[in-house]
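Structural overview for review
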Amino acid sequence: MLNTISDINMGQGDPKAIYRMLSQMISAYSSTDGNLQELRNNLAKSAKDAPHS
């Protein structure tokens, strides 16, 4: 990914490499978003099930 960004900065960006990099970034963000949503749901469930004092 860094090589692609460097190539873009030097004006030598390859459209296929840029597309591949963007696809990887979208996949990574989607995975992170899913993990955070699952964590939020687990925390909410734990808070609901926890004994209140």
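This text follows the structure it describes.
The structure reproduced in this document is the subject of the present report. All figures in this text were calculated on a predicted structure; none of them were measured in a lab.

Bringing the pattern of salt bridges into the picture now. Tallying each qualifying case throughout the model produces one salt bridge. A salt bridge links D49 to K45, with the shortest nitrogen-to-oxygen separation between them at 3.0 Å. Within this pair, D49 and its partner K45 are both found in helix α2 (residues 15-49), separated by four residues, close to a single helical turn.

Before going further, it helps to examine the side chain of T4. With respect to the element layout, T4 can be found in helix α1 (residues 2-9). Judged by its relative accessible area of 14%, T4 falls in the buried class.

Okay, a nonpolar patch on the surface next. Taken together, the side chains of L36, L39 and L43 make up a nonpolar region of the molecular surface, amounting to roughly 300 Å² of accessible area. With respect to the helices and strands, the residue L43 is situated in helix α2. Overall, L43 belongs to the exposed group, its relative accessible area being 53%.

Turning our eyes to something else, we now look at the environment of I18. Mapping I18 onto the fold places it in helix α2. Judged by relative accessible area, I18 falls into the partly exposed class, the value being 27%. I18 sits ten residues away from I8 along the chain, and the two C-alpha atoms are 8.5 Å apart. In this view, I18 contacts T4, I8 and G13; residues no more than four positions away in its chain are not counted.

How each quantity is defined
Residues numbered from 1 in each chain as written. Predicted model: local features only at pLDDT ≥ 70, side-chain atom pairs only at ≥ 80, totals over all residues. Heavy atoms only, no water. Salt bridge = Lys/Arg side-chain N within 4 Å of Asp/Glu carboxyl O. Helix = DSSP H or I, 4+ residues; strand = E, 2+ residues; numbered from the N terminus. Buried < 20%, exposed > 50% of the residue type's maximum accessible area, 1.4 Å probe, protein only. Patch = residues over 30% accessible without salt bridge, like charges linked within 9 Å, V, L, I, M, F, W, Y side chains within 5 Å. Areas by Shrake-Rupley, 256 points an atom, 1.4 Å probe, with all protein chains shown as cover. Contact = heavy atoms within 4.5 Å.

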